[in-house]
Amino acid sequence: MTRMVTSLSALILSIVLLVSGNAFLMTLLGIRLSIEAISPDIIGWILVCYSIGFVLGTLYVHRIIGRVGHIRAFAVLAAISAVTSLLYPMAVSEIFWAVLRVISGFSIAGVLVVIESWFSSRATNANRGALFAVYQVVFYLSAAGGQLVVNIGDPSNFMPFSIAAILLTLALVPISMTRMEAPVIEQVQRISFFTLARESFTGIAGALICGVMIGGFYALGPVYATLVGLDVAKTSTFMASAIVAAMLLAWPLGRLCDHFDRRRIMFWVAMVAAASASAVAILGAGDVWLLTLFVGLFTGLSATLYPIAVAITNDRMESNRIVAASATLLLSYGIGSVIGPIAMAELINLVGPSGLFFGNTGFLLALAIVTSYRISHTEDVAVEDQEHFVAAMPETSVVLTEMDPRNADFHMSSEVDRVDEEAIRQQG
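J.: Sorry if this is basic, but what is going on with the overall build of the protein here?
T.: Of regular secondary structure, the protein possesses 16 helices and 0 strands. Within the protein, the proportion of its 428 residues that are buried is 56%. Entry remark: accessible area of the protein is about 17,400 Å², with carbon and sulfur atoms responsible for 66%.

What follows is the structure, encoded as structure tokens:
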């Protein structure tokens, strides 16, 4: 394990710098837009452009990588993300910032594809689970750490944006110096959205609602905190605690999912998360510690909806369709992450800061109703027949789904197929 982590130290350092810089920038933008007194509905439209760019990046960036190679693609895309960070304070314009968010989302998706493809290329059936866990822990801790950087400098001037650019630029250094051979990125096939919905409607719905929750909170959480009167230091703690909670709750929920029916687990997760969101909406900032506790519970539970959705779907898939199904679930999450900021921003504009969490409550209750209906009208998968639960992360590219330990059998059969094809070509 230690040797494996050491061999990937350059990639891990690049991840730390990249993810922390990007997470820091996302929170910084929400605070800065609030300081500029831009209405919440406009803020939602600006910040959702990142999700749009990210989805487009995961769909098309492999073409850039295939044309120029991993390291050149990483260098170009990371440089673009750093440059966009420097451009924000030069002109506070809604349209200009929206365009920058699309570009930033596309470039971040690209660099994640590069990094995750390198990680995936090092995965074997023996180390796949450990490698998957290392990546997720590094990702979550870096995102949480990035929130704390918000305390450095005044969000109303240029310095914080320069710090974000520095972090994103430094991410270039470790990976540019690596001597690892660049892996081959294969285009991942997707199952039709509607085909997968027919086979696992609960899985599609869970991934979509998770995208609404997480996309809406990451975009508008800093706006909410500013509107209820939290200062910059408390806002950074508020956001960091939410990310840490998502990491901490993944393991105990996973244990439950391995011993009970997963659709019923999803139902109760949605219900408890809805209750937590309602508590946040009612409490406001009266008690900061209680607010942070309920926000952590809400975001932590909401984040587990995606891996539960993946597990529910995989239980109904043949092994050779799991990767394709996971790619479609990521697309569903991406669609949700576009819906979330827009819908929640409109609610904040209509009813005030509490609209963010009352809106979340409504979406979660809708998921609970859908899940309850599916439980009563379709057959369960027996607990003993369920695949082992894995805490899959949605804030990644589709490449990471190939590193999921549940896909070990699929990768083994794929490798056999490639060997057979090579033998046939040689005989021909």
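J.: Would you mind showing me how to read the packing of helix 2 (residues 9-35) against helix 7 (residues 159-170) here?
T.: The description of two packed helices rests on the angle between their axes and on the distance between the axes. Packing of helix 2 against helix 7 brings their axes to within 8 Å, and their N-to-C directions diverge by 160°. It follows from the interaxial angle that helix 2 and helix 7 lie roughly antiparallel. Here helix 2 and helix 7 pass one another in a crossing that is left-handed. The residues of helix 7 that touch helix 2, namely those facing Leu17, Leu18, Ser20, Gly21, Asn22, Phe24, Leu25, Leu28, Leu29 and Arg32, are Pro160, Phe161, Ile163, Ala164, Leu167, Leu168 and Leu170. Tallied by class, the residues present in the contact of helix 2 with helix 7 amount to 13 nonpolar, 3 polar and 1 charged.

J.: How should the packing of aromatic side chains be read in this particular structure?
T.: Aromatic rings in a pair are described by how distant their centres are and how their planes are angled relative to each other. Under the counting rule described, the total for this entry stands at 13 aromatic pairs. An angle of 35° between the planes, with centres 6.1 Å apart, marks the rings of Tyr50 and Phe54 as tilted. Linking Tyr50 with Phe54, this pair stays in helix 3 (residues 40-68), spanning 4 residues, or about one helical turn. For the residue pair Tyr50 and Phe54, the accessibility class agrees, reading buried in each case. Residues Tyr306 and Tyr333 carry aromatic rings whose centres are separated by 5.8 Å and whose planes lie at 70° to one another, so their mutual orientation is edge-to-face. With Tyr306 in helix 13 (residues 288-314) and Tyr333 in helix 14 (residues 322-351), this pair connects stretches of sequence that are 27 residues apart. Among the residues examined, Tyr306 registers a relative accessible area of 2% and is labelled buried. Among the aromatic side chains, those forming a connected cluster through ring pairs are Phe217, Tyr218, Tyr224, Phe238, Phe298 and Phe357.

J.: Would you take a moment to explain the packing of helix 13 against helix 15 (residues 355-377) for this structure?
T.: Orientation of helix 13 relative to helix 15, taken along the N-to-C sense of each, is 35°, at an axis distance of 13 Å. Our pair here, helix 13 against helix 15, has a crossing hand that is left-handed. Contacts between helix 13 and helix 15 involve Val295, Phe298, Ser302 and Leu305 from the first element and Phe357, Asn360, Leu364 and Leu367 from the second. A breakdown of the residues in the contact of helix 13 with helix 15 according to their chemical character gives 6 nonpolar, 2 polar and no charged.

J.: Looking at this structure, how should I read the side chain of Arg263?
T.: Summarising the element assignment, Arg263 is placed in helix 12 (residues 262-283). The class for Arg263 is buried, based on a relative accessible area of 3%.

J.: So what exactly am I meant to see when it comes to the environment of Leu86 here?
T.: With respect to the secondary-structure elements, Leu86 resides in helix 4 (residues 70-87). Along the backbone, Leu86 and Ala164 are 78 residues apart, and their C-alpha atoms lie at a distance of 8.3 Å. Residues in contact with Leu86, not counting those within four places in the same chain, are Phe161, Ser162 and Ala165.

J.: So what exactly am I meant to see when it comes to helix 7 here?
T.: A turn of α-helix holds 3.6 residues, and therefore any two residues three or four places apart point the same way. Helix length check: helix 7, at 12 residues, gives a terminal C-alpha distance of 16 Å against a target of 16 Å (1.5 Å per residue), a fit within 8%. Considered for burial, the residues of helix 7 that qualify are Pro160, Phe161, Ile163, Ala164, Ala165, Leu167 and Leu168.

J.: Help me understand the nonpolar core in this model?
T.: One recurring pattern in soluble globular proteins is that nonpolar side chains are buried together. Phe119, Phe217, Leu220, Phe238 and Phe357 are the most contacted members of the largest nonpolar core, which has 119 residues in total. Sort the elements by how many residues they give to this core and helix 10 (residues 201-227) lands first, with 15 residues. In this structure Phe357 touches Phe217, Tyr224, Ala277, Val280, Ala281, Val295 and Phe298, once residues within four positions along its chain are discounted.

J.: Looking at this model, I keep getting lost on helix 14. Mind explaining?
T.: For helix 14, which comprises 30 residues, the first-to-last C-alpha distance of 42 Å matches the rise-based estimate of 44 Å (1.5 Å per residue) to within 8%. Phi turns positive one or two residues past the end of helix 14, at Gly352, with a value near 100°.

What counts and how
- Residues numbered from 1 in each chain as written.
- Predicted model: local features only at pLDDT ≥ 70, side-chain atom pairs only at ≥ 80, totals over all residues.
- Heavy atoms only, no water.
- Helix = DSSP H or I, 4+ residues; strand = E, 2+ residues; numbered from the N terminus.
- Buried < 20%, exposed > 50% of the residue type's maximum accessible area, 1.4 Å probe, protein only.
- Areas by Shrake-Rupley, 256 points an atom, 1.4 Å probe, with all protein chains shown as cover.
- Axes fitted to C-alpha atoms, helices over the stretch in contact; angles between N-to-C directions.
- Parallel < 35°, antiparallel > 145°, perpendicular 65-115°, else oblique.
- Left-handed = near helix turned anticlockwise from the far one by under 90°.
- Contact = heavy atoms within 4.5 Å.
- Nonpolar A, V, L, I, M, F, W, Y, C, P; charged D, E, K, R; others polar.
- Phe/Tyr/Trp six-rings, centres within 6.5 Å; stacked < 30°, edge-to-face > 60°.
- Expected span 1.5 Å × (residues − 1).
- Core = buried A, V, L, I, M, F, W, Y, C linked by side-chain atoms within 4.5 Å.

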